[in-house]
Amino acid sequence: GSEAASEQGQEEEAEDRLKEHMDSLLDKSAKTRQAALQSLRLALSSKTLSEFLLERRLTLTDSLEKCLKKGQGAGGLRAAGPVTRVSGRSLVLPTGKGEEQALAGTVLTLLCLQMGSGPEGEEVFRSLKPLLISVLTDSTASPSARQSCATALGMCCYIAAADLE
């Protein structure tokens, strides 16, 4: 009796934390968004949350899309990090935006894994596929963001793409 109630209480508490992390993905602060992405990555990689995510997949997909877009179209040196001279060449050091995109790609991969090969997983993949391809082919995106989007594209395509793709 009380063991089951305690377990249910812990599950509700964990779901509340997940909801907070999902809300934090829309925060103005990049640090807050990155911390939320890291927490979601940890949660999605350590526990099956299909039921919880099923009800919130559109919200989460929408938030991940915003995180992936944050680092896009910045172009030029203004939005990039400090410039360092290395053997006569300018090297632009990446800022947190690349990390945010990379984390968003990882969380998206885990979301696809959690949703599986049904219509819901396919819907998540289909809605973000163009953006993943866009980041992947963007030569100004950080290598970690591009790699993460390539992994997300491959994994989600393998898991959730319709047979035609």
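Reading the values: the criteria
- Residues numbered from 1 in each chain as written.
- Predicted model: local features only at pLDDT ≥ 70, side-chain atom pairs only at ≥ 80, totals over all residues.
- Heavy atoms only, no water.
- UniProt positions renumbered as here; feature names shortened; annotations may be inferred.
- Helix = DSSP H or I, 4+ residues; strand = E, 2+ residues; numbered from the N terminus.
- Areas by Shrake-Rupley, 256 points an atom, 1.4 Å probe, with all protein chains shown as cover.
- Salt bridge = Lys/Arg side-chain N within 4 Å of Asp/Glu carboxyl O.
- Buried < 20%, exposed > 50% of the residue type's maximum accessible area, 1.4 Å probe, protein only.
- Polar contact = N/O pair within 3.5 Å; in protein donor to acceptor, adjacent residues only side chain to side chain.
- Patch = residues over 30% accessible without salt bridge, like charges linked within 9 Å, V, L, I, M, F, W, Y side chains within 5 Å.
- Lys, Arg positive; Asp, Glu negative; His and termini not counted.
- Charge placed at Lys NZ, Arg CZ, Asp CG, Glu CD.
- Core = buried A, V, L, I, M, F, W, Y, C linked by side-chain atoms within 4.5 Å.
- Contact = heavy atoms within 4.5 Å.
- Expected span 1.5 Å × (residues − 1).
- Arc of directions from axis to C-beta.

Under the annotation held in an unreviewed UniProt entry, the protein carries the name IFRD2 regulator and is attributed to Tachuris rubrigastra. What UniProt states about the protein under its Sequence similarities (unreviewed entry) heading is, verbatim, "Belongs to the IFRD family."

Enquirer: Go over the overall build of the protein with me, naming the residues and quoting the values.
Expert: Helix and strand content of the protein: six helices and two strands. Along the chain direction, N to C, the helices and strands of the protein fall in the order α-α-α-β-β-α-α-α. Working note: accessible area of the protein is about 9500 Å², and carbon and sulfur atoms make up 53% of it.

Enquirer: Give a detailed account of the pattern of salt bridges, specifying residues and quantitative values.
Expert: It is possible for side chains of opposite charge to pair when their charged atoms get near one another. Summed over all chains, the structure comprises eight salt bridges. Two residues, arginine 17 and glutamate 13, come together in a salt bridge whose shortest N-O distance is 3.5 Å. Of the two residues, arginine 17 and glutamate 13 both sit in helix α1 (residues 2-24), four residues apart, roughly one turn of that helix. Judged by relative accessible area, arginine 17 falls into the partly exposed class, the value being 43%.

Enquirer: So what's going on with the side chain of serine 142? Residues and values would help.
Expert: Turning to its location among the elements, serine 142 is positioned in the loop between α5 (119-136) and α6 (143-160). A polar atom in the side chain of serine 142 sits 3.2 Å from the side chain of serine 144.

Enquirer: Could you give me a rundown of a negative patch on the surface, with the residues and numbers involved?
Expert: On the surface, Glu3, Glu7, Glu11 and Glu12 cluster together to form a negatively charged patch. Here glutamate 3 shows up in helix α1. On the basis of relative accessible area, glutamate 3 is assigned to the exposed category, the value being 68%.

Enquirer: How would you summarise the nonpolar core if you had to cite specific residues and measurements?
Expert: Counting residues in hydrophobic clusters, the biggest one holds 38 residues, and the most contacted among them are Leu37, Leu53, Leu60, Leu64 and Leu108. Put simply, the parts of the chain that give this core at least two residues each are α1, α2 (30-46), α3 (50-70), α4 (96-115), α5 and α6. Top element by residues in this core is α4. It accounts for eight residues. Those residues within four positions of leucine 60 in sequence are excluded, and the remaining contacts are Met22, Leu25, Leu40, Leu53 and Leu111.

Enquirer: I'd love a proper account of α6, names of residues and values included.
Expert: When the terminal C-alpha atoms of α6 are compared, their 25 Å separation across 18 residues agrees well with the 26 Å that a helix rising 1.5 Å per residue should span. Of the residues making up α6, those classed as buried are Ala145, Ser148, Cys149, Ala152, Leu153, Cys156, Ile159 and Ala160. One side of α6 holds all its buried residues, which, seen down the axis, span an arc of 150 degrees. Exposed and facing more than 90 degrees away from the buried side of α6 are Pro143 and Tyr158.

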